[in-house]
Amino acid sequence: MAIGKRIKFFRNRKGMTQKQLGEILGFLGKTSDVRMAQYESESRIPKSDLVKEMAHILDVSPRAITVPDIDTYVGLMHTLFALEDMYGLKIGEIDGEVCLRLEKFSNPEYISMSNMFHAWQEQAAKLERSEITKEEYDQWRYKYPEFDTSGHWKKVVPSQELSDYLVSKMKEDQPNE
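The text that follows walks through the structure, step by step, so that each part is easy to find. In this text, all values refer to a predicted model and were calculated from it rather than measured experimentally.

Rules used throughout
Residues numbered from 1 in each chain as written. Predicted model: local features only at pLDDT ≥ 70, side-chain atom pairs only at ≥ 80, totals over all residues. Heavy atoms only, no water. Patch = residues over 30% accessible without salt bridge, like charges linked within 9 Å, V, L, I, M, F, W, Y side chains within 5 Å. Areas by Shrake-Rupley, 256 points an atom, 1.4 Å probe, with all protein chains shown as cover. Salt bridge = Lys/Arg side-chain N within 4 Å of Asp/Glu carboxyl O. Helix = DSSP H or I, 4+ residues; strand = E, 2+ residues; numbered from the N terminus. Buried < 20%, exposed > 50% of the residue type's maximum accessible area, 1.4 Å probe, protein only.

On to a nonpolar patch on the surface, then. Together, Ile-91, Val-98 and Leu-100 make up a nonpolar patch on the protein surface, roughly 330 Å² of accessible area in all. Here Ile-91 shows up in strand 1 (residues 89-94). Residue class for Ile-91 comes out exposed when judged on its relative accessible area of 63%.

Within the structure shown, the criterion is met by seven salt bridges. For the salt bridge of Arg-11 with Glu-40, the shortest nitrogen-to-oxygen distance reads 2.5 Å. Taken together, the residues Arg-11 in helix 1 (residues 3-13) and Glu-40 in helix 3 (residues 31-41) connect sequence positions 29 residues apart. Each member of the pair, Arg-11 as well as Glu-40, carries the same accessibility label: buried. The shortest N-O distance in the salt bridge between Glu-131 and Arg-129 comes to 2.6 Å. Sharing partners across several salt bridges, the network here consists of Lys-134, Asp-138 and Arg-141.

Interpretation note: all reported values are geometric properties and have no functional meaning in isolation.
Below you can see the structure in the form of structure tokens.
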């Protein structure tokens, strides 16, 4: 999730409008919501001191707002948290092992994500059984979906139900802009 979407996500989570957040940050008059709209659309990127101030107001870590550096453990954790928010990724335990899974319920992306995860799991299993080489596995991963032969990728026309759902979600987001 890009920084603009993260700002909007956490602002909405706090039930704040762009204008309210902008005013608390010290932007005056009409510039308050315009400035926040610029940050959320990423036509402007907030400097680190402003990100820290936003994080304080929104009661989150600055790392939750910025795009995480996945080369660090903390950055990786914030990436996983964003995936939980965006795609319903859940953490659990099976037989004493920590596992990540997709949430089936209230997740319109579940089927697509599940299909992609199954394709990945199929390739990983082939590697484990020595049916493909590490080089072939890496080629599949690094050029995904070009070499995906799982048949999970099909052109699908969205259902009216999905279309209605997306429109309703977009309308929910509009009042807070």
